[in-house]
Amino acid sequence: MTAASLTAARPRAVPYVRVLDGLLFAVLVTTTFEKVHWNFAGQVGIADVLTILFLIAFGLTERQPVPRTAIIVMGFFALFLLIYLCGFFDITTKQSLDQFAKGMVKFVIHFLFLAAAIAYLARRGERFYWRAFAWFMAGFVLNGIYGILQLLAARGGVNLDHVILAPLTGGASNINIYGAVNGQNIYRPNALTGDPNHLAVMLVVPLMCLLPVYLRLGKGHRLRWPLATVLAFLVLVLLATLSRSGLLGVLVGLLVLAVPYRRFVGTRALLVPLAGLVAVLAYIFYSRRHFFTVVIKSRLQTGGRSSSAHFAVYDFIPQIIHQHPLLGLGLNTFSVYYEFVTGKTNFGPHSFWVAVIVESGLIGLLAWIVFLRYVYVRLHAARRLGRLLDSVRDPAGARVRPLAWGMTAALTGTIAANFFYLTMQFYYFYVFTAFALALPVVFARRARE
């Protein structure tokens, strides 16, 4: 190919890359913005629109070989699709058919994005991977900032959602009110997500991913204090949600990190930011001791109506195993069949694992276990890759290995939290999975070199 032809080709190629980059970054930032949606053809969120645009642009411009990881993901896509289509024959009402169709659309978009994102991250290389991951983390931080502003505005009698979101979406939303103490409302920020527990469980991902990366940063590194500030801030947001499921996810994730990162427990890198966070929390608690004492006691109780609802959904599992053991009732149909029990038309199972068993049976449960095991296997490969890079004193090892451990902890914590919530059905989980599966693919090139 001549130099003239290369020069002529460049103006056509570069804009495509920039468009794809911009669309992917936009998806990554907004993947947790559940409230930014419009009631058009059901409920269309901003993440739906941006993901579809990215997939169209990717399909029209991508001509390079697809990595094996993306091909395996498409194999899982075909497996889940077969299971869900077979479960279609258990559907008996138009309402459940409508719910099935909505669930299928979401499922198809999620998995196509997962495969496309892995392929695109692998093609664009290491530097782009870190840029994209930074945009993904920025979305959580923006959500947290909005949540704190939402909380402060609510205490001042202002509905921030009504001021900012309503003109944009035409819908209505507000901060969650947990109860009241001596006439003072107990607010739980849900930020741009649909529920304070959703926000808390989502925060397991950035907290677990960034913590080991931060701990491995050298003294004087330019990202050391920014990351410490982000981690402390996200912990503060998590605690403000009063979510027990979110705390469960974080504790399980910390247990995963406890062994490989135990040597950092007594270091200044961990103790100084932790001391600052404790000081802030102590001041907040001391300023309103009675209020927070009542709130904390109520959240430590396990016999309330909220706790009962989370455990009660497990009673549906024996019924489904008896009636439809293999394929369940059909994708996304839980609320339809159990409306007579819950009295609500949109009542979710409050557990990802209950949803999997009820809606896709034991075969669907087995397929999800195999898929998640594959993610763990690829993260193990990433940790081995990071250890190899460390052994040859490649500076990338100090980032790849901690991130792989952080993603392992984030995945484990999210799985644990989803025994009582179902955020693993949301966009952010598929984005996180794309980064986890792409990690060993992107940096394998460096190991070969």
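This one's a predicted model, so the numbers in the text were calculated from it and none came from an experiment. (Residues numbered from 1 in each chain as written. Predicted model: local features only at pLDDT ≥ 70, side-chain atom pairs only at ≥ 80, totals over all residues. Heavy atoms only, no water.)

### Notes on the overall build of the protein
In step 1: Summing up its helical and strand segments, the protein has 20 helices and four strands in all.
In step 2: Since a compact globule built from 449 residues should have a radius of gyration of about 22 Å, the 23 Å found for the protein is in line with a globular shape.
In step 3: Summarising its shape, the C-alpha atoms of the protein cover approximately 75 × 60 × 45 Å along the three principal directions.
In step 4: The buried share among the 449 residues of the protein stands at 49%. (Helix = DSSP H or I, 4+ residues; strand = E, 2+ residues; numbered from the N terminus. Rg over C-alpha atoms; globule rule 2.2 N^0.38 Å. Buried < 20%, exposed > 50% of the residue type's maximum accessible area, 1.4 Å probe, protein only.)

### Section: the nonpolar core
In step 1: Of all hydrophobic cores here, the largest spans 130 residues; its most connected members are Phe54, Phe111, Tyr129, Phe136, Trp368, Met407 and Phe435.
In step 2: If sequence neighbours within four positions are ignored, Trp368 has contacts with Phe80, Tyr84, Phe352, Trp353, Val356, Phe429 and Tyr430.
In step 3: Of all hydrophobic cores here, the second largest spans five residues; its members include Leu151, Ala154, Ile175 and Ala240. (Core = buried A, V, L, I, M, F, W, Y, C linked by side-chain atoms within 4.5 Å. Contact = heavy atoms within 4.5 Å.)

### Quick word on the pairing of strand E4 (residues 184-188)
In step 1: Sheet topology places strand E3 (residues 176-181) next to E4; five bridges connect them, and they run antiparallel. By the bridge assignment, Asn176 is partnered in E4 with Arg188.
In step 2: What sits between the antiparallel neighbours E3 and E4 is a turn of two residues, in which Asn182 has the positive phi angle 55°. (Pairing = 2+ DSSP bridges.)

### Describing the environment of Phe419
In step 1: Tracing the chain through its elements places Phe419 in the loop between helix H19 (397-417) and helix H20 (427-448).
In step 2: Those residues in contact with Phe419 that lie beyond four places of it in its chain are Tyr314, His350, Ser351 and Trp353.

### What to know about the side chain of Thr414
In step 1: One can find Thr414 in helix H19.
In step 2: Residue Thr414 is classed as buried on the basis of its relative accessible area of 0%.
In step 3: A polar atom in the side chain of Thr414 sits 2.7 Å from the backbone oxygen of Ala410.
In step 4: For Thr414, the residues in contact, after removing those within four places along its chain, are Val204, Val205, Thr423, Met424, Tyr428 and Phe429. (Polar contact = N/O pair within 3.5 Å; in protein donor to acceptor, adjacent residues only side chain to side chain.)

### So, helix H3 (residues 68-87)
In step 1: Here H3 is 20 residues long and its end C-alpha atoms lie 29 Å apart, about the 28 Å a rise of 1.5 Å per residue gives.
In step 2: Among all positions of H3, only Thr69, Ala70, Val73, Phe76, Phe77, Phe80, Ile83, Tyr84 and Gly87 are buried. What you see down the axis of H3 is that its buried residues fit within an arc of 135°, all on one side. Facing away from the buried side of H3 by over 90 degrees, the exposed positions are Arg68, Ile71 and Leu82.
In step 3: Packed against the buried residues of H3 are helix H4 (94-124), helix H18 (352-391) and H20. (Expected span 1.5 Å × (residues − 1). Arc of directions from axis to C-beta.)

### Digging into the environment of Gly328
In step 1: Summarising the element assignment, Gly328 is placed in the loop between helix H15 (316-323) and helix H16 (334-337).
In step 2: Along the backbone, Gly328 and Ile109 are 219 residues apart, and their C-alpha atoms lie at a distance of 22 Å.
In step 3: In this structure Gly328 touches Asp90, Ile320, Ile357, Val358, Glu359, Ser360 and Gly361, once residues within four positions along its chain are discounted.

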